[in-house]
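Chain by chain, the residues run as shown.
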Amino acid sequence: MSAFRALPSVDRVLASAAGRDLVQAHGRSAVTAALRQRLARMREAIAGGADAGALVAGLADQLAIDLADAAQTGPRPVLNLTGVVLHTNLGRALLAEPALAAATTAMAQAVALEMDLDSGGRGERDDHLRELICQLTGAEDATVVNNNAAAVLLALNTFGQGREAIVSRGELIEIGGAFRMPDIMARAGTRLVEVGTTNRSHEHDYRQALSPDTGLILKVHTSNYRIEGFTAQVPASVLAGIAAEAGVPLLNDLGSGSLVDLSALGLRREPTVAQAVAEGAGLVTFSGDKLLGGPQAGFIVGRRELIAAINRNPLKRALRLDKIRIAALAATLQLYRDPDTLAGHLPTLRHLSRSRDDIAAQAERLLAPVQALLGDGVRVQACECASQVGSGALPVDTLASAGLRLVAVDDAGGGAPERLAARLRALPVPVLGRIHEGTLILDLRCLDRDDDLLEALAAL
Ligand SMILES: *Cc1c(COP(=O)(O)O)cnc(C)c1O
């Protein structure tokens with residue numbers, strides 16, 4: 001068929017001026033592979049009746065796009081204007097400058113990760129964090145693993161393998177993805193003993209469930225939902241007493257686990273890690289990249305002999321942290337030594353503590369320039385909105401915020417907010433908003449610089 005003959009050979013494209021430029025930028029083998037793929041697709045398109053001439057005319061441009069796409073791997077930077085500060089799908093906490101610097105150094109240089117520089121002998125990687133964590137939480141000892149899910153798995157496996165873990169029915173939560181408490185327990189080799197009912201559990205429920213097979217009592221902070229009304233859960237301090245009498249540890253999984261009292265920032269008072277330790281839990285677990293504001297990590301803090309048992313578990317080695325995150329975590333924890341300046345340093349706390357008025361002023365500033373960039377098809381209004389902490393922290397609480405509401409002027413067929421959201425997602429720096437009551441809202445709480453939004457939208 002003659003239409004196919006209009007397609008150039010691989011060699012001819014590579015030898016053309018455009019082809020040589022692409023080879024310079026991407027290398028010969030990448031360009032050759034992309035070109036073969038593109039030519040194959042063109043053959044299919046021509047067989048399907050497409051105009052060969054037009055395809056050939058656009059080949060060089062299309063190839064450049066293909067290669068740029070292929071060069072774009074890894075998570076793309078986006079503007080998080082969803083109003084969810086700790087967005088799990090967007091990587092949760094943003095690290096403080098000192099944490100970035102420490103991580104960069106650890107990436108580029110040899111570091112004394114497991115070496116005691118005094119003796120020249122072997123050290124432990126937990127040594128870099130243990131003292132600070134213990135100072136900040138009042139715990140006797142601490143260890144750190146890949147994330148909080150790993151922390152819970154490791155603690156359950158250490159004390160509950162082949163034994164029973166007692167937990168309230170009201171706390172058998174799913175945290176997202178495949179992290180469901182009952183499933184994690186099964187994988188840890190722990191038999192689940194549920195006590196109480198969905199809304200109410202009592203002290204005697206736990207006592208009746210105790211048996212010679214009990215390995216531990218588990219308390220889970222129901223971080224991503226709340227049971228309201230006729231409810232009762234046994235306080236951790238009481239559970240700690242029951243666990244002590246039975247001679248088993250109480251594991252309190254806090255989830256977000258704040259190191260400081262957030263009520264100073266106008267947020268609801270969440271139990272701090274220090275409080276959970278003081279209530280008598282032998283082990284407390286929490287995340288590094290939720291309210292703490294550091295890299296992904298899972299902390300286990302508590303009594304010395306319990307942490308020692310965890311460190312002897314061979315699974316610990318499989319779940320351990322790398323040097324980069326240990327460096328970033330240590331630098332993040334250092335900031336907590338001065339709680340008064342914390343919100344100035346930690347982006348997460350800075351975003352969480354921004355006042356509605358500050359954000360509303362930003363919305364007013366951005367209104368006209370954003371309207372100009374979006375054009376006549378979209379009406380831009382300043383609006384009030386409600387941000388969320390995210391990552392299951394403080395689920396019911398919202399933070400009074402402000403932003404820009406984008407309304408399509410013509411939405412005859414419906415679906416305009418979704419189409420607009422898709423257009424903003426397709427930008428070189430994707431702008432992610434939230435669809436609320438049929439309009440697209442850009443919550444400005446996490447927008448540090450006005451220009452970031454204007455530059456992103458300028459590509460429309
Ligand atoms: C978020 C959360 C986890 C999981 O923590 P990751 O750091 O995401 O692994 C476990 N338990 C609770 C209660 C949580 O809120």
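Everything numeric in this text was worked out from a predicted model, so none of it was measured. (Residues numbered from 1 in each chain as written. Predicted model: local features only at pLDDT ≥ 70, side-chain atom pairs only at ≥ 80, totals over all residues. Heavy atoms only, no water.)

Draft legend 1. Representation of the domain arrangement of the protein in the model. Entries for the protein in the domain assignment read domain 1 (2–71), domain 2 (79–88 + 351–457) and domain 3 (97–341). When each unit is reduced to the centre of its C-alpha atoms, the spacing between domain 1 and domain 2 is 39 Å. (Domains from an automatic or database assignment.)

Draft legend 2. Broad picture of the sheet that holds strand β10 (residues 298–302). Taking strand neighbours across the sheet as the criterion, the seven strands line up as β2-β10-β9-β8-β7-β3-β6 in an open arrangement whose pairing is mixed. A strand with exactly one partner marks an edge of an open sheet, and here the two such strands are β2 (141–145) and β6 (191–195). With strand direction ignored, the average angle separating the axes of adjacent strands in the sheet is 25 degrees. Of the strand pairs in this sheet, β2 and β10 are connected by five bridges, and their pairing is antiparallel. Its bridge partner lying in β10, T143 is registered against I300. (Pairing = 2+ DSSP bridges. Helix = DSSP H or I, 4+ residues; strand = E, 2+ residues; numbered from the N terminus. Axes fitted to C-alpha atoms, helices over the stretch in contact; angles between N-to-C directions.)

Draft legend 3. Broad picture of the sheet that holds strand β11 (residues 378–387). Reading across the sheet, the four strands line up as β11-β12-β15-β14 and stay open at both edges, with antiparallel pairing between neighbours. Each edge of the sheet is formed by a strand with only one pairing partner; in this case those strands are β11 and β14 (434–436). In this sheet, adjacent strand axes meet at a mean angle of 40 degrees when their direction is disregarded. Of the strands in this sheet, β11, β12 (399–408), β14 and β15 (439–443) touch helix α20 (residues 416–425), which is tilted by about 40 degrees from β15. (Contact = heavy atoms within 4.5 Å.)

Draft legend 4. Broad picture of the pairing of strand β8 (residues 250–255). Among the six residues that make up β8, six are buried, leaving the element largely enclosed by the rest of the structure. With burial as the criterion, each face of β8 is covered, one bearing L250, N252 and L254 and the other bearing L251, D253 and G255. Of the pairings in the sheet, the one linking strand β7 (residues 214–220) to β8 comprises four bridges and is parallel in character. Within the sheet, the bridge partner assigned to I217 lies in β8 and is L250. Examined bridge by bridge, β8 and strand β9 (residues 283–287) share four bridges and lie parallel to one another. (Buried < 20%, exposed > 50% of the residue type's maximum accessible area, 1.4 Å probe, protein only.)

Draft legend 5. Structural view of the nonpolar core. Ranked by internal contacts, the top residues of the largest apolar core, which has 56 residues, are I217, V284, F286, F299, V301 and L333. Mapped onto the domain boundaries, this core takes at least three residues apiece from domain 2 (79–88 + 351–457) and domain 3 (97–341). Excluding residues that lie within four positions of it along the chain, F299 makes contacts with I133, T143, V144, A151, V284, T285, F286, S287, G288, L292, L329 and L333. A151, A155, L251 and L306 belong to the second largest nonpolar core, which has 28 residues in total. (Core = buried A, V, L, I, M, F, W, Y, C linked by side-chain atoms within 4.5 Å.)

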